[in-house]
Amino acid sequence: FFFLMIRRPPRSTQSRSSAASDVYKRQIQKNMGDFPLTTFSSKGELLQIEYAINAVNKGETALGIKARNGVVIAVEKKLTSILVDEESYQKVQTISGHIGATYAGLGPDFRVLTQKARKISSTYHLKYLEPIHVNTLCADTAKVVQEYTQLGGRRPFGLSMLIAGYDDEGPHLYQLDPSAAFYEWKATAIGKNMRNAKTCLLYTSPSPRDS
């Protein structure tokens, strides 16, 4: 003969199980905003953009300084192995003859966004028969970045770009973020050590009389 006895679990076990289930449900509801790209969190944030900014903050440091007759951009370049050909790994790229850019964040995203910026520049030149202004290039590139923050099946670009150029209005230095916001700077830095770099730039920058 075989006997099977099933007992009712103690109330304490039921309460612990119910509490764990409630915690799990709250955690699922809390993390539901992580999946849809176009869904705002309860704090009014797009979490995918916040994650893209975290990727920028983990990237290698890059900085730019605008002078009276030009712009200097520099970036930290670390090779993953001594076997990598250093010449094949470029972190500063030219968009056109008078505009260049560097980045902090994901390298493949920089390659894609640089190609799109080059297409914008060449299209403008073919249409108006003159070089594109730096502000116009940044605005049109920001439109592309912004589209990637609201389209299904895509994700935001995981990088910030420093765009430096020279046009009829003089030298320009812009920073373009994953949220598609872009600003013009006299000097700025992006990447993992941007706070220390910005502090150094703040205390070593010339006064308005000298600039």
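A few points on the structure. Owing to the predicted nature of the structure, the values given are computational and were not obtained by experimental measurement. (Residues numbered from 1 in each chain as written. Predicted model: local features only at pLDDT ≥ 70, side-chain atom pairs only at ≥ 80, totals over all residues. Heavy atoms only, no water.)

This part covers the sheet that holds strand β6 (residues 170-176). Hydrogen bonding along the main chain pairs the strands of a sheet, whether they run parallel or antiparallel. Strand order across the open sheet formed by five strands is β3-β4-β5-β6-β7, with antiparallel pairing between neighbours. A strand with exactly one partner marks an edge of an open sheet, and here the two such strands are β3 (93-96) and β7 (182-184). Strand-to-strand twist of the sheet, defined as the mean angle between neighbouring strand axes without regard to direction, takes the value 25°. Two strands pair when backbone bridges link them, and β3 and strand β4 (residues 99-105) are joined in this way by three bridges, in the antiparallel orientation. Looking at the pairing, Gln93 lines up with Ala101 of β4. (Pairing = 2+ DSSP bridges. Helix = DSSP H or I, 4+ residues; strand = E, 2+ residues; numbered from the N terminus. Axes fitted to C-alpha atoms, helices over the stretch in contact; angles between N-to-C directions.)

All told, the structure shown has four aromatic pairs when counted by the stated rule. Relative to Tyr128, the ring of Tyr124 has its centre 4.7 Å away and its plane inclined at 45°; by these criteria the two rings are tilted. Of this pair, Tyr124 and Tyr128 are both found in helix α3 (residues 107-128), four residues apart, which corresponds to roughly one turn of the helix. Residue Tyr124 is classed as buried on the basis of its relative accessible area of 17%. (Phe/Tyr/Trp six-rings, centres within 6.5 Å; stacked < 30°, edge-to-face > 60°. Buried < 20%, exposed > 50% of the residue type's maximum accessible area, 1.4 Å probe, protein only.)

Taken in spatial order, the three strands line up as β2-β1-β8 in an open sheet, and their pairing is antiparallel. At either margin of the open sheet sits one strand with a lone partner, and together these are β2 (71-75) and β8 (187-190). Within this sheet the neighbouring strands show an average axis-to-axis angle of 10°, counted without direction. Bridging between strand β1 (residues 62-66) and β8 involves four bridges; their strand directions are antiparallel. Following the sheet pairing, Ile65 is matched in β8 by Ala187.

A few words on helix α2 (residues 47-57). Listed in full, the buried residues belonging to α2 are Leu47, Ile49, Ala52 and Val56. Residues of α2 that are buried make contact with β4 and β5 (159-167). (Contact = heavy atoms within 4.5 Å.)

The next subject is the pattern of salt bridges. Across all of its chains, the model carries five salt bridges by this definition. Across the salt bridge formed by Asp140 and Lys143, the nearest N and O atoms sit 4.0 Å from each other. One end of the pair, Asp140, and the other, Lys143, are both in helix α4 (residues 134-147), three residues apart, so they sit about a helical turn from each other. On the basis of relative accessibility, which here comes to 25%, the residue Asp140 falls in the partly exposed class. (Salt bridge = Lys/Arg side-chain N within 4 Å of Asp/Glu carboxyl O.)

Residue position: Cys138 is located in helix α4. Between the C-alpha atoms of Cys138 and Glu184, which are 46 residues apart in sequence, the distance is 9.8 Å. Beyond its immediate chain neighbours, meaning those up to four positions away, Cys138 contacts Ile163, Tyr174 and Phe182.

Now for the nonpolar core. Counting 24 residues, the largest nonpolar core has Ile99, Leu113, Leu137, Leu159, Met161 and Ile163 as its most contacted members. For this core, the leading source of residues is α4, giving six residues. Among the nonpolar cores identified, the runner-up in size contains five residues, and Val56, Ala62, Leu162 and Ile190 belong to it. (Core = buried A, V, L, I, M, F, W, Y, C linked by side-chain atoms within 4.5 Å.)

Our focus in this paragraph is unusual backbone geometry. A positive phi angle, close to 60°, is found at Leu129, a residue other than glycine. With respect to the helices and strands, the residue Leu129 is situated in the loop between α3 and α4. Take Leu129: its relative accessible area is 70%, and that puts it in the exposed class. The phi torsion at Ala180 lies on the positive side, around 80°, for a residue other than glycine. Within the fold, Ala180 resides in the loop between β6 and β7. Residue Ala180 is classed as buried on the basis of its relative accessible area of 12%.

Once that is clear, we can look at the environment of Val134. Locating Val134 in the fold gives a position in helix α4. Exposure remark for Val134: the relative accessible area of 0% places this residue in the buried category. Residues Val134 and Tyr166, 32 residues apart in the sequence, show an inter-C-alpha distance of 7.1 Å. With sequence-adjacent residues up to four places away left out, Val134 is seen in contact with Ile99, Gly165, Tyr166, Asp167, His172 and Tyr174.

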